[in-house]
Amino acid sequence: MGKGNGGNGSPKDAGGGRPTMTDVARIAGVSQSSVSLVLNEMSGARISAETRARVRDAARKIGYRLPNTRQDLDHAPAIEKDTIAFIVDEISTSPHPVVSLDGIRDYAFEQGLLVSAHATRSNPDLESAVLRSVLRDPAIAGVIYATIFTRKVSVPRELENVPTILLNCYAEPRQHMAIVPGEVAGGFAATAHLTSLGHRRIGFINGEPWMDAAIDRLKGYKQALATADIAYDESLVRNGDWLPLRGYEAALELLAIDNPPTAIFCGNDLMAIGALEAASERGLRVPQDLSVLGYDDQELARYTGGCACRRTCRCSATTTRSSLATRIRHCRRSCCRTTKWAKRPRKS
């Protein structure tokens, strides 16, 4: 058997069959990982232009192409489009995208579809690599493009001609269907629950004020107060950061003011847990002395003695998967419940 040496080697010379990435690496004199980075066009890789050219030249010489490239598919038998790509910026830092993925996967399977999940970590180079990989796959029927928190996005140009649904995000102009949580309705429902119990002094510990979710939940809070003929009082509102410590600090601030609230609506369950700790520290019983209401219905809220306002993740996932499945079938042919530790205020 002949040995490969330098740039003149060929897999056929060694008695091999179809050329591989290892053959390209050997001929170009680089590692296989370098070949992968060059041929996948990873722009963030620190590889010189000379090395990139050498790798591409080696691949051309032996006729190597990445698997599932369009050139390979031109003469390939038809492959059924049976996979939905779920592309999200983060998946491990919050339970919400996991819940969405579970719902999408379950419904897709009922429709004879599979789901592939990809987390991009908000890294443009990684997202580009994911999109290249996804769009090379002939089985991809459509894409769900999601974000971990509700925000405006720029939809990648690569998705212009691919059935795409935006989940928990939106874009301008609105060329793609976008499914987002009903945060105004959620803030309204949570506050209205407290007003229905007779509370008139309702504190609100919101999230970070620049976030869409916080802006819309505050709108819902104000609307519910107006509906109950209660004047909005800015002194009863605190900005938070979605974490227990800030919920604890903000609750202490609210409970220390003159004429403190008889109920506190927290922007999520984690801050509600901090508020519960603050109430305990002040010697207040929940819900007998103070009502505390959380938002999201996270699993941990079930072990705090209350129930929760569920964000519409699973519901959004249902709508998303159904909408995309409808679009896919067409192409083939041509959340809010609330966490409550609440009770009617005591009459003085």
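First, a word on what this report is: a plain description of the structure on this page.

Secondary structure assignment for the protein yields 11 helices and 11 strands. When each of the 348 residues of the protein is scored for burial, the buried share is 47%. Accessible surface computed for the protein: about 17800 Å², of which carbon and sulfur atoms make up 51%.

Another point: unusual backbone geometry. Cis geometry marks the peptide bond from valine 286 to proline 287, where omega comes out at 10°. A positive phi angle, near 60°, is found at serine 122, a position not held by glycine. Among the secondary structure elements, serine 122 is positioned in the loop between strand E2 (114–119) and helix H6 (124–136).

A separate point is the packing of aromatic side chains. Across all of its chains, the model carries 5 aromatic pairs by this definition. Seen in terms of ring centroids, tyrosine 221 and tyrosine 232 are 6.3 Å apart; in terms of plane orientation they differ by 80°. Their pairing is edge-to-face. One end of the pair, tyrosine 221, is in helix H8 (residues 212–227); the other, tyrosine 232, is in the loop between H8 and strand E7 (237–239), and 11 residues separate them in sequence. Judged by relative accessible area, tyrosine 232 falls into the partly exposed class, the value being 34%.

Right, let's get into the nonpolar core. Ranked by internal contacts, the top residues of the largest apolar core, which has 19 residues, are Ile205, Trp242, Ala251, Ile264, Cys266, Leu290 and Val292. The set of elements that each furnish at least two residues to this core consists of H8, helix H9 (244–256), strand E8 (263–266) and helix H10 (269–281). In terms of residue count, the dominant contributor to this core is H10 (6 residues). Formed by 15 residues, the second largest nonpolar core is a distinct cluster that contains Ile27, Val30, Leu39 and Ile47.

Moving on to the environment of glycine 63. Counting through the fold element by element, glycine 63 comes out in the loop between helix H3 (49–62) and helix H4 (70–73). Sequence separation of glycine 63 and valine 24 is 39 residues, and the distance between their C-alpha atoms is 9.6 Å.

Moving on, we get to the packing of helix H1 (residues 21–28) against H3. In contact at an axis separation of 9 Å, H1 and H3 are set at 125° when each is read in the N-to-C sense. In terms of orientation, H1 and H3 fall into the oblique class. The interaxial crossing formed by H1 with H3 has right-handed handedness. Listed contacts from H3 to Asp23, Val24, Ile27 and Ala28 of H1 are Arg54, Val55, Ala58, Ala59 and Ile62. Each residue belonging to the contact of H1 with H3 can be placed in one class, and the counts come to 7 nonpolar, no polar and 2 charged.

Cut-offs and rules
Residues numbered from 1 in each chain as written. Predicted model: local features only at pLDDT ≥ 70, side-chain atom pairs only at ≥ 80, totals over all residues. Heavy atoms only, no water. Helix = DSSP H or I, 4+ residues; strand = E, 2+ residues; numbered from the N terminus. Buried < 20%, exposed > 50% of the residue type's maximum accessible area, 1.4 Å probe, protein only. Areas by Shrake-Rupley, 256 points an atom, 1.4 Å probe, with all protein chains shown as cover. Phe/Tyr/Trp six-rings, centres within 6.5 Å; stacked < 30°, edge-to-face > 60°. Core = buried A, V, L, I, M, F, W, Y, C linked by side-chain atoms within 4.5 Å. Axes fitted to C-alpha atoms, helices over the stretch in contact; angles between N-to-C directions. Parallel < 35°, antiparallel > 145°, perpendicular 65-115°, else oblique. Left-handed = near helix turned anticlockwise from the far one by under 90°. Contact = heavy atoms within 4.5 Å. Nonpolar A, V, L, I, M, F, W, Y, C, P; charged D, E, K, R; others polar.

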